[in-house]
Amino acid sequence: MSTQITEPPRGTAAGTAGPAPAARGRARRAERAKDWARRAPLLPALVFLVIVTQLPFVATVVISFTRWNALAPDNRGFAAFDNYRAVFTDPAMRSSVGTTVLLTVTVVLVSLVLGLGLALLLDRSFRGRGLVRTLLITPFLVVPVASALLWKHALYNASYGLLNGVLTWIWRLFGSDSPPQPDWMTDSPLAAVEVSLIWQWTPFMMLILLAGLQSRAGDAIEAARMDGASAFDVFRYLTLPHLRRYLELAALLGTVYVVQNFDAVFTITSGGLGTANLPYTIYQTFYQAHDYGRASAQGVVVVLCSLVVATFALRTVSSLLREEVTR
């Protein structure tokens, strides 16, 4: 009895597993076409972003290696690392670095504490909470120059400012006709700048922390309260650990923005009395000393330092997004 053996067709289990190479190639090309179809509408925006941001930065880097001062037009040429060497050895630059660090740390920490307190209050239910939230957000929506002008003229002015007006009213309540009239911008210039920035950036911290508070697991808090935990215990052992990522994010983002602040320093004190930070020092080098090469080197150093902080901020954002996805 003879047995006939038939050869299985190609492309089946006895042959090559899965689709044929040509079919796989077509599938990959179709997938790439779909990817480009999704990305193509974003290409004009990407090209515009590169032209607006990256090309000027490349030009700034190139100028930072040149010797270019408008007051000496004949002395222009390649300077190698002389501008960067001058940046790190300039006493005014070192002073502005210290001022920038002090200003940034003070504003960010105080804004974080105040923002946390306001976020805890707004996390409760009470009549008119929406209106209160809107009013508290308003300072962050004010144009920075307008905010600085408001503090300089409406609050700090020694002749007609609100602060000295309140002091006059209080002293008159007690029968005194010689109230103190301090010149806030002269007596405490750096504190004057810091207070105006704290007023502006506290709502930003409040919004981030309020979002963190509203993402807490309510069942864990209810269970802790049923077990007899006090409000302070709930805040210390549940709320604060949950807000750690949000506190880090708020601090990093606030640092990135406050380091670059120019409006308040320029408007309130014009960089005088030890309030010149890095952006204002760059402004002085560029527009007053007309040293374009050194000002470009200063700008590159500031951008690189800001990128380091921004990198940590992006990592914190990514970790927050991963936590939200895994819930």
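Counting starts from 1 at the beginning of each chain's written sequence and moves along it residue by residue. Side-chain atom pairs in this predicted model are given and counted only at pLDDT of 80 or more, local residue features only at pLDDT of at least 70, and totals for whole chains, interfaces and linings cover all residues. Think of the side-chain values as coming from all heavy atoms in the structure, minus any hydrogens and water.

**Q** Looking at this model, I keep getting lost on the packing of helix H11 (residues 231-242) against helix H12 (residues 244-259). Mind explaining?
**A** Axes are the key here: two packed helices are described by the angle between their axes and the distance separating the axes. Between H11 and H12, whose axes approach to 4 Å, the crossing angle comes to 45 degrees. Considering their axes alone, H11 and H12 lie oblique with respect to each other. Counting all contacts with H11, which are made through Leu240, Pro241 and His242, the residues of H12 involved are Arg244, Arg245, Tyr246 and Leu247. Residue polarity is assigned by list, with Asp, Glu, Lys and Arg as charged and Ala, Val, Leu, Ile, Met, Phe, Trp, Tyr, Cys and Pro as nonpolar; anything else, Gly included, falls into the polar class. Looking at the contact of H11 with H12, its residues break down into four nonpolar, one polar and two charged. Geometry is summarised by axes, namely lines fitted to C-alpha atoms with helices restricted to the contacting stretch, and by angles between N-to-C directions that run from 0 to 180 degrees. We count a stretch as a helix when DSSP gives it H or I for four or more residues in a row; a strand needs E for two or more, and each element gets its number in order from the N terminus. Angles below 35 degrees are treated as roughly parallel, those above 145 as roughly antiparallel, those between 65 and 115 as roughly perpendicular, and all remaining angles as oblique. Contacts are assigned to residue pairs that have any heavy atoms within 4.5 Å of one another.

**Q** Help me understand a nonpolar patch on the surface in this model?
**A** Residues enter patches when their relative accessible area tops 30% and they take part in no salt bridge; the joining distance is 9 Å for like charges and 5 Å for the nonpolar side chains Val, Leu, Ile, Met, Phe, Trp and Tyr. Here the open area of atoms and residues is found with the Shrake-Rupley method and a 1.4 Å probe, where only the protein chains shown may cover a residue. We define a salt bridge as a contact between a side-chain nitrogen of Lys or Arg and a carboxyl oxygen of Asp or Glu at a distance within 4 Å. Taken together, the side chains of Trp36, Leu43, Leu46, Val47, Phe48, Leu49, Val50, Ile51, Val52 and Leu55 make up a nonpolar region of the molecular surface, amounting to roughly 960 Å² of accessible area. Assignment of secondary structure puts phenylalanine 48 in helix H2 (residues 43-64). Burial here depends on accessible area, computed with a 1.4 Å probe over protein chains only, as a share of the maximum for the residue type. Under 20% is buried, over 50% is exposed, and the range in between is partly exposed. Overall, the relative accessible area of 57% leaves phenylalanine 48 in the exposed class.

**Q** Sorry if this is basic, but what is going on with empty space enclosed by the protein here?
**A** Remark: the empty space left among the atoms is shown by a probe the size of a water molecule rolled over them. Grid spacing is 1 Å over the protein atoms alone, the probe is 1.4 Å, and a cavity is where that probe fits but cannot get out, while a pocket is an open set with protein on both sides within 12 Å along at least five of seven lines and lining residues have an atom within 4 Å of a point. Grid points are joined across faces, edges and corners, and a volume is the space filled by probe spheres set on the points. What the rule picks out here adds up to one cavity of 30 Å³ or more. The volume enclosed by the largest cavity comes to roughly 30 Å³. Pro144, Ser147, Ala148, Ser196, Leu197, Gln200, Asn261, Asp263 and Ala264 are the residues that line the largest cavity. Among the residues making up the lining of the largest cavity, the classes are represented as four nonpolar, four polar and one charged.

**Q** When you look at a positive patch on the surface in this model, what are you seeing that I'm missing?
**A** A surface patch of positive charge is lined by Arg24, Arg26, Arg28, Arg29 and Arg32. Tracing the backbone through its elements, the reader meets arginine 28 in helix H1 (residues 21-39). Residues scored as charged are limited to Lys and Arg (positive) and Asp and Glu (negative), so that His and the chain ends carry no count. Here the site of a charge means NZ on Lys, CZ on Arg, CG on Asp, or CD on Glu.

**Q** Would you explain the nonpolar core in this entry?
**A** A general tendency of soluble globular proteins is for nonpolar side chains to be buried together. Ranked by internal contacts, the top residues of the largest apolar core, which has 37 residues, are Leu103, Leu112, Val193 and Leu197. Of all the secondary structure elements, the ones that give two or more residues to this core are helix H4 (91-122), helix H6 (144-155), helix H9 (189-213), H12 and helix H13 (263-269). Ranked by the residues each element gives to this core, the list is headed by H9, at 13 residues. In this structure valine 193 touches Leu103, Ala264, Val265, Ile268 and Thr269, once residues within four positions along its chain are discounted. The definition of a nonpolar core used throughout is a set of buried Ala, Val, Leu, Ile, Met, Phe, Trp, Tyr and Cys residues joined through side-chain atoms within 4.5 Å.

**Q** How should the environment of tyrosine 237 be read in this particular structure?
**A** Considering the arrangement of structural elements, one finds tyrosine 237 in helix H11. The spatial distance from the C-alpha of tyrosine 237 to the C-alpha of tryptophan 199 is 29 Å, given a sequence separation of 38 residues. Nitrogen and oxygen atoms within 3.5 Å of one another constitute a polar contact, given that in protein one can donate a hydrogen and the other can accept it, and given that sequence-neighbouring residues count only through two side-chain atoms. A polar contact is formed between the side chain of tyrosine 237 and the side chain of arginine 236, at a distance of 3.4 Å.

**Q** Teacher, can you tell me more about the layout of surface pockets here?
**A** Size it by volume and the largest pocket reaches roughly 470 Å³. Every residue lining the largest pocket is counted, 16 residues in all, and those nearest its centre are Thr60, Ile282, Ala295, Gly299 and Val303. Of all the elements in the fold, those that place two or more residues in the lining of the largest pocket are H2, helix H14 (278-288) and helix H15 (292-326). Per element, the largest residue contribution to the lining of the largest pocket is seven residues, and it comes from H15. A breakdown of the residues in the lining of the largest pocket according to their chemical character gives eleven nonpolar, five polar and no charged.

**Q** What should I look at first to understand the packing of aromatic side chains in this one?
**A** Two aromatic rings, taken as a pair, are described by how far apart their centres are and by the angle between their planes. For Phe, Tyr and Trp, rings pair up if their centres lie within 6.5 Å, where Trp contributes its six-membered ring, and each pair is then called stacked (planes under 30 degrees apart), edge-to-face (over 60) or tilted (otherwise). What the rule picks out here adds up to 20 aromatic pairs. An angle of 50 degrees between the planes, with centres 5.3 Å apart, marks the rings of phenylalanine 65 and tyrosine 84 as tilted. Residue phenylalanine 65 is found in the loop between H2 and strand S1 (66-67), and its partner tyrosine 84 is found in helix H3 (residues 82-89); the two are separated by 19 residues along the sequence. The class of phenylalanine 65 is partly exposed, set by a relative accessible area of 22%.

**Q** For this particular structure, what's the right way to read the pattern of salt bridges?
**A** Side chains that carry opposite charge are capable of pairing whenever their charged atoms lie near each other. Under the defined criterion, the tally for this structure stands at four salt bridges. Across the pair arginine 85 and aspartate 82 runs a salt bridge, and its minimum N-O distance is 2.7 Å. On the criterion of helical spacing, the pair formed by arginine 85 and aspartate 82 is a turn pair, its members being three residues apart in helix H3. We classify aspartate 82 as partly exposed; its relative accessible area is 40%. A salt bridge links glutamate 248 to arginine 245; the nearest nitrogen and oxygen atoms lie 4.0 Å apart. With glutamate 248 and arginine 245 both in helix H12 and three residues apart, this pair spans about one turn of that helix. Judged by relative accessible area, which is 25%, arginine 245 ranks as partly exposed. Here the residues in one salt-bridge network are Arg244, Arg245 and Glu248, joined through shared partners.

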